[in-house]
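As a plain string of letters, each chain reads:
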Amino acid sequence: MDGLTLSRIVAELREEILGARVERVRLADPSTLVMKLYRPHRGSRNVWLLLSVAPRWPRVHLVERVPEEGAESTPFLLLVRARLRGARLRAIEQVRSDRIVRFSFERRAAVPVEPGE
């Protein structure tokens, strides 16, 4: 995949999933992360985003069918779940026309409640 092709993929992803909320995160295999995204602004509200860093076939795209959970939970997966579950996808950008894509998420800060309030 070259930088030009990736720029078109990034543009399509922006159109389809920007503003979506992360509902689930799982590993399809040791090098492939999938996220279930809720898109309240679209007809088909849920979609899966696949992110793979497989050496032979790195890719990023949307999938319609729910991928099988093929890998055990790892510390990385637990960290990603803790940080991203419930977060909104705020930006998707390609870094300097290279084959690097940056996803930016935002979580609302929990408001502490004082005892007795």
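Our structure's up above, just so we're on the same page.
Please read all numbers here as calculations on a predicted model, not as lab measurements. Within any chain, residue numbers begin from 1 and follow the written order of that chain's sequence. In keeping with the predicted nature of the model, local features appear solely for residues at pLDDT of at least 70, side-chain atom pairs appear and are counted solely at 80 or more, and the whole-chain, interface and lining totals rest on all residues. With hydrogens and water set aside, each side-chain value is computed from the structure's full complement of heavy atoms.

Side note on the overall build of the chain
Part 1 of the argument: Numbered from the N terminus, helices here are DSSP runs of H or I no shorter than four residues, and strands are runs of E no shorter than two. Scanning the chain from terminus to terminus reveals two helices and six strands.
Part 2 of the argument: Counted from the first residue to the last, the chain has its helices and strands arranged as α-β-β-β-β-α-β-β.
Part 3 of the argument: Overall, the C-alpha framework of the chain stretches about 60 × 30 × 30 Å when taken along its three principal axes.
Part 4 of the argument: For each residue, the accessible area found with a 1.4 Å probe, counting protein chains only, is set against the maximum for its type, and the residue is called buried under 20%, exposed over 50%, and partly exposed in between. Sorting the 117 residues of the chain into buried and exposed places 34% on the buried side.
Part 5 of the argument: Here a residue-residue contact requires only that any non-hydrogen atoms of the pair lie within 4.5 Å. Counted over contacts in the chain with a minimum sequence separation of 6, partners at least 24 positions apart contribute 46%.
Part 6 of the argument: When the accessible surface of the chain is split by element, carbon and sulfur atoms take 50% of a total near 8100 Å². In these tables, accessible area is a Shrake-Rupley quantity obtained with a 1.4 Å probe, and a residue counts as shielded only by the protein chains included in the view.

Here we look at the environment of V80
Part 1 of the argument: On the secondary structure map, V80 appears in helix α2 (residues 75-84).
Part 2 of the argument: Along the backbone, V80 and L33 are 47 residues apart, and their C-alpha atoms lie at a distance of 9.6 Å.
Part 3 of the argument: Contact partners of V80, with chain neighbours within four places excluded, come to V25, L33 and R85.

A word on α2
Part 1 of the argument: When we look at burial in α2, the residues that qualify are L77, V80, R81 and L84. Considered in projection along α2, the buried side chains sweep an arc of 100° and stay on one side of the axis. Among the exposed residues of α2, those oriented more than 90 degrees off its buried face are P75, A82 and R83.
Part 2 of the argument: Of the surrounding secondary structure, the elements contacted by the buried residues of α2 are β1 (21-29), β2 (32-38) and β6 (101-106).
Part 3 of the argument: Among the residues trailing α2, G86 stands out with phi positive, at a value near 90°. Our arc is simply the arc of the directions from the helix axis toward the C-beta atoms.

A word on the pairing of strand β4 (residues 59-63)
Part 1 of the argument: Two strands are counted as paired when DSSP detects at least two bridges linking them. Bridge analysis of strand β3 (residues 46-52) against β4 gives five bridges, and the strand direction is antiparallel. Bridge assignment links S52 to a residue of β4, and that residue is R59.
Part 2 of the argument: Between β3 and β4, which pair antiparallel in sequence order, lie six residues.

Structural notes on unusual backbone geometry
Part 1 of the argument: One non-glycine residue, R96, lies in positive phi territory at about 45°.
Part 2 of the argument: The exposure class of R96 is exposed, given its relative accessible area of 72%.
Part 3 of the argument: Residue S97 is not a glycine yet carries a positive backbone phi of 55°.
Part 4 of the argument: One can find S97 in the loop between β5 (88-94) and β6.
Part 5 of the argument: The exposure class of S97 is exposed, given its relative accessible area of 62%.

Function cannot be read off these values alone, since they describe shape.
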